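Given next are the chains, with one letter for each unit.
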Amino acid sequence: MVYIGADYYPEHWERQRWSVDAELMQRAGIDVVRLAEFAWSKLEPEDGRYEFSWLDEAMSILDRKGIKVVLCTPTASPPAWLIQKHPDILPILRDGNRMSFGARRHYCITNKTYHYYSERIIRKLAEHYKNSSQVIGWQVDNEFGGPKCYCEGCRREFQRWLKSKYKSLDNLNRSWGNAFWSHDYTSWEQIPLPIVPSPNPAFDLDFRRFFSDMNLAYSNMQIRLLKSITPDKFVTHNFMGLFPHLNYYDLAKNYDFVSWDNYPQNLENRFRVALSHDVMRGLKKKNFWVMEQQCSYLTRQDITPTFSPGQMRLWTYHSFAHGAEAVVYFRWRACTFGIEQFHSGILQHDGTDRSISYKEATRISSEIHRIASQLEGSRLISPVAIIYDYDNIWANYAYQEKPMYDYPGEALRFYRAIKRLGINVDVVRPVDDLSKYRAVIAPLMYIVTEEAATNIRRYVEKGGTFIAGFRFGMKDENSNMVKTVLPGKLRDLFGIAIYAWDNLRERSVEVKDKEGESYQADTFADLITPEGAEIIAKYNSSWYSPYAAATVRSFGKGKAYYIGCGLSQGFYDKLMRKVLKGLEVEEIRCPDEVEIAIRQKEDKKLIFLMNFSDKSSEVSLSREYVDLITEKKLSGKVEVDPFGVMLLI
């Protein structure tokens, strides 16, 4: 099924309004709503007293209009009575102060009392709605990921987690390098939580792993409970795209599919949003839902601009183009109270059908439902993959809670170049099967385990093209520097050695490729000494000049590239044109502002053309197509409207 939906909060509105909302939803083509996400205080207003009648009534009104429901476990917002009774549920923040009631996600992820009350409300909800055909699935909690808690309970859990992992203190001390600054532990109870940002990268990395695992345990508890009571209904969670603080591969494993919350904010973010979609799709190697889709202005640090007419539709098609099976807008109606008063809905505060977003939602749903049969069962086939790995993301945060480099930004250098060729991109782990890809890219892969090294070597030997970014292989699985010449375990694969490097901070460094084209190096410089590799670019500044900046080596049937620094975008555009030659969508020529994405069902391709500009853009088609949206035949030079979309077959 393909759905267009809205996040609905009937508890925010008068009962007499519910039937008006249901009527407007039906007219707009809304066929699914998400309910009860933050409604614990309404569902259980007092300890052990449950009030589901209001939700039953709202759902019944929606059901009469044919609208399906995704119910949420309300555990992201424990109610005031629960906090009053058990204040230890509130997390202790890094500054040592206990978080106060009045926000959301105000719970300690390891607190057993909170687990008990969470299980109780989830069980009551699931039992109550287990026979409802209107309820098609569940969303667990809301946007797992914070805050980190530094209470004594979490400290004990962390010590148990470490003991389970390392077995002995000798092993932990050696793995963490605790000889530095006399940090050796002689009992597990001595190990603190990093209330002061840890100066030890190994400690920091393990605490991040621990925090992720505690979220995973709480998530899996909810999944198991829901599946045991309502096995016929899907269970998902609303992930957050490029959010860096949880291992999303682990978190996604037991969900039926991934959902995520998509807030593009502005057109300049289009490649980052596209990468976010592809990361979400890569977590389970399957299509996904967008459970919160921006429909206009937002409350953030400031109020963001209102979408121009057409932008809501553009971002919706962009979601479907990258693998969405449902787009659910946040929210149905802008709230008149609370911190999100300036967070737009499909309806504005007045609740009328005169808003730009309502008109646009009506158009979108009409189009999507008409082409739904074409979208259903289609998926993205990608000839290239980018490695996206959470241990490497966390190693990037090793010092003072600040990332050393922009991890997704480094991926985007390559991603942007690939998407400009109209080529789909998968996102994978270092140990995934890489054999189906023409090229695999690892933009910032500090940590290279033995398993990952073996997997990459095998891939290249059998004919793959592997491209590494700077600082590759410099750390072991504990975030300690390796003792071998860089790039470590795969030095022979790349045919290079790195004996010197430098940070490029506020410094201009020129790089020239072998055709004589110049680029500006930035961020970091691995100064490469070739050992059998071919130089494809050299530094051309100061004492860097004897060194290579980028190399390639044939290895087995494949090739291994090493890009030793950040470079201006033209370098990546040129490199990817060469590496991916023959994979472009040759019959369609688009300007840069028009993105191409392709979904495929069997041998039939659905080609999305999306204009991220407020001006018309001309594309050139070398054969005849049919635009599924307008049902018109197109060929030759055609205009894509401002913020316009075409879906060609």
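Located above this text is the structure these notes cover.
As the structure is a computational prediction, the values presented were derived from the model and not from experiment.

Asks: A description of the overall build of the protein should follow, citing residues and the corresponding values.
Replies: Looking only at helices and strands, the protein has 17 helices and 25 strands in total. Taken against the 2.2 N^0.38 rule, which gives 26 Å for 649 residues, the C-alpha radius of gyration of the protein at 26 Å falls within 12% of a compact globule. Along the first, second and third principal axes, the C-alpha set of the protein runs to 75 × 75 × 40 Å. Across the protein, every contact between residues at least 6 apart in sequence was considered, and the portion connecting residues at least 24 apart equals 71%. Put simply, the protein shows about 25400 Å² of open surface, and 49% of that area lies on carbon and sulfur atoms. Side-chain charges of the protein comprise 86 positive and 83 negative groups, with the mean position of each set lying 2 Å from the other.

Asks: Can you explain the pattern of salt bridges? Please cite residues and give values.
Replies: Evaluated as defined, the whole model comprises 47 salt bridges. For Glu57, the salt bridge goes to Arg15, with nearest N and O atoms at 2.9 Å. Of this pair, Glu57 sits in helix 3 (residues 53-63) while Arg15 is found in helix 1 (residues 15-28), placing the two residues 42 residues apart along the sequence. Of the residues examined, Glu57 reaches a relative accessible area of 33% and is grouped as partly exposed. With a shortest N-O distance of 2.7 Å, Arg491 and Glu531 are connected by a salt bridge. Here Glu531 lies in the loop between strand 15 (518-530) and strand 16 (534-539) and Arg491 lies in helix 16 (residues 491-494), a separation of 40 residues in the sequence. Through salt bridges that share partners, Asp7, Arg34, Glu37 and Glu292 make up one connected network.

Asks: Describe the environment of Arg94, with residues and values.
Replies: Checked against the element boundaries, Arg94 lands in the loop between helix 4 (80-85) and helix 5 (112-129). Considering only alpha carbons, one finds Arg94 and Val33, 61 residues apart in sequence, at a separation of 37 Å. Within the structure, the side chain of Arg94 is placed 3.3 Å from the side chain of Tyr150, a separation counted as a polar contact. Within the structure, the side chain of Arg94 is placed 2.7 Å from the backbone oxygen of Pro194, a separation counted as a polar contact.

Asks: Provide a residue-level description of unusual backbone geometry, including the pertinent values.
Replies: The omega angle of the peptide bond from Phe330 to Arg331 is 0°, so this bond is cis rather than trans. Mapped onto the elements, Arg331 comes out in the loop between strand 9 (324-330) and helix 12 (356-375). Following Leu486, the chain continues to Pro487 via a peptide bond in cis, the omega torsion being 10°. With respect to the helices, strands and loops of the structure, Pro487 is situated in the loop between strand 13 (465-468) and helix 16. The phi angle at Gln265 is positive, at roughly 70°, despite the residue not being glycine. Given a relative accessible area of 29%, Gln265 falls into the partly exposed group. Backbone geometry places Lys285, a non-glycine residue, at a positive phi of 60°. Assignment of secondary structure puts Lys285 in the loop between helix 10 (270-284) and strand 8 (288-294).

Asks: Give a detailed account of the packing of helix 5 against helix 8 (residues 201-229), specifying residues and quantitative values.
Replies: Close contact between helix 5 and helix 8 brings their axes to 10 Å; oriented N to C, the two are set at 25°. By the angle between their axes, helix 5 is roughly parallel relative to helix 8. Along this stretch, helix 5 crosses helix 8, giving a crossing that reads as right-handed. Each of Tyr114, His115, Ser118, Glu119, Ile122, Arg123, Ala126 and Glu127 in helix 5 lies in contact with helix 8, whose residues at this interface are Tyr218, Met221, Gln222, Leu225, Leu226 and Ile229. When grouped by side-chain class, the residues that make up the contact of helix 5 with helix 8 number eight nonpolar, three polar and three charged.

Asks: So, the sheet that holds strand 8: which residues are in play, and what are the values?
Replies: Where strands meet in a sheet, backbone hydrogen bonds hold them as pairs that are either parallel or antiparallel. Spatially, nine strands are ordered 5-4-3-2-1-9-8-7-6 in an open sheet, and the strand pairing comes out parallel. Both edges of this open sheet fall to strand 5 (234-236) and strand 6 (238-239), since each of them pairs with a single strand only. Pairing geometry for strand 4 (residues 135-139) and strand 5, over three bridges, is parallel. Note on strand 5: the bridge partner recorded for Trp138 is Val235. Contacts from helix 10 reach strand 6, strand 7 (259-262) and strand 8, with the element oriented near 170° to strand 7.

Asks: Help me get a handle on the nonpolar core, residues and values and all.
Replies: Phe466 and Phe472 are the most contacted members of the largest nonpolar core, which totals 212 residues. Here this core takes 14 residues from helix 8, the largest share from any one element. When neighbours within four sequence positions are excluded, Phe472 is seen to be in contact with Ala442, Met445, Val448, Ile456, Phe466, Pro487, Leu490, Phe494 and Tyr562.

Asks: Hey, could you go over the environment of Ala80 for me, with residue numbers and the actual values?
Replies: Tracing the chain through its elements places Ala80 in helix 4. For Ala80 and Pro45, which are 35 residues apart along the polypeptide, the C-alpha to C-alpha distance reads 9.2 Å.

Asks: Quick one: what's the story with the packing of aromatic side chains, residue by residue and with numbers?
Replies: Centre distance and the angle of the planes are the two values used to describe a pair of aromatic rings. On inspection of all chains with the given rule, the structure shows 47 aromatic pairs. Taking the centre distance of 6.3 Å and the plane angle of 80° together, the rings of Trp176 and Tyr185 count as edge-to-face. Like Tyr185, Trp176 is buried. Three or more aromatic residues joined by ring pairs make a cluster, and in this case those are Phe239, Phe243, Tyr248, Tyr249, Tyr255, Tyr388, Tyr390, Trp394 and Tyr407. Sitting above the plane of the Tyr249 ring, Arg429 keeps its charged end 5.5 Å from the centroid. If you follow Arg471 out to its NZ or CZ, it ends over the ring of Trp501, 4.6 Å from the centre.

Asks: How would you explain the environment of Met291 if you had to name every residue and give the values?
Replies: Within the fold, Met291 resides in strand 8. By relative accessible area, which is 0% here, Met291 ends up buried. With 202 residues separating them along the chain, Met291 and Leu493 place their C-alpha atoms 43 Å apart. Setting aside residues up to four positions removed in sequence, Met291 forms contacts with Asp7, Arg34, Val70, Gln139, Thr236, Asn238, Ser259, Trp260, Asp261 and Val328.

Asks: Provide a residue-level description of the pairing of strand 8, including the pertinent values.
Replies: Of all seven residues that make up strand 8, seven are buried, and the element is covered over most of its length. In this sheet, strand 8 lies alongside strand 7 in parallel orientation, the contact comprising four bridges. Looking at strand 8, one finds that Asn262 is bridged to Gln293. One crossover worth recording links strand 7 to the parallel strand 8 by way of helix 10, and it is right-handed. One ladder, built from five bridges, connects strand 8 with strand 9; its direction is parallel. Counterpart to Gln294 in the pairing with strand 9 is Phe330.

Cut-offs and rules
- Chains are numbered independently. Their residues run from 1 in the order of the written sequence.
- Only residues with pLDDT of 70 or above have their local features reported here, since the model is predicted, and side-chain atom pairs are shown and tallied only from 80 upward, although totals for entire chains, interfaces and linings are computed over all residues.
- Remark: hydrogens and water are excluded; side-chain values derive from all non-hydrogen atoms of the structure.
- Secondary structure elements are defined from DSSP: runs of H or I of at least 4 residues count as helices, runs of E of at least 2 residues count as strands, and each element is numbered from the N terminus.
- Radius of gyration here is computed from C-alpha atoms only, and the compact-globule reference equals 2.2 Å multiplied by the residue count raised to the power 0.38.
- Here, residues are in contact when the closest pair of their heavy atoms is within 4.5 Å.
- All accessibility values rest on the Shrake-Rupley procedure with a 1.4 Å probe; residue burial counts only the protein chains present in the view.
- His is not counted, nor are the chain ends; Lys and Arg add positive charge and Asp and Glu add negative charge.
- Every charge is mapped to an atom, namely NZ of Lys, CZ of Arg, CG of Asp or CD of Glu.
- The term salt bridge refers to a side-chain nitrogen of Lys or Arg lying within 4 Å of a carboxyl oxygen of Asp or Glu.
- Remark: exposure states derive from per-residue accessible area (1.4 Å probe, protein chains only) relative to the maximum for the residue type, with buried under 20%, exposed over 50%, and partly exposed in between.
- Side-chain atoms alone can form a polar contact between residues adjacent in sequence; in general such a contact is a pair of N or O atoms within 3.5 Å, and within protein one must be able to donate a hydrogen while the other accepts it.
- Note on geometry: axes are lines fitted to C-alpha atoms, helical ones only across the stretch in contact, with angles between N-to-C directions running from 0 to 180 degrees.
- Reported orientations rely on four angle classes, namely roughly parallel under 35 degrees, roughly antiparallel over 145, roughly perpendicular from 65 to 115, and oblique for the rest.
- We call a crossing left-handed when the near helix sits turned anticlockwise from the far one by less than a right angle, and right-handed when that turn is clockwise.
- Under the scheme applied, nonpolar residues are Ala, Val, Leu, Ile, Met, Phe, Trp, Tyr, Cys and Pro; charged residues are Asp, Glu, Lys and Arg; polar residues are all the others, including Gly.
- Here, strands pair whenever DSSP counts at least two bridges between them.
- Here, nonpolar core refers to any group of buried Ala, Val, Leu, Ile, Met, Phe, Trp, Tyr and Cys residues whose side-chain atoms link them within 4.5 Å.
- Only Phe, Tyr and Trp rings take part, Trp by its six-membered ring, and two of them pair if their centres are within 6.5 Å. Stacked means planes under 30 degrees apart, edge-to-face means over 60, and tilted covers everything else.
- Lysine NZ or arginine CZ positioned within 6 Å of the ring centre and within 35 degrees of the ring normal marks a charge as sitting over the ring.
- By convention, a crossover is right-handed whenever its connection, traced from the first strand over the helix to the second and viewed with the strands pointing away, goes clockwise.

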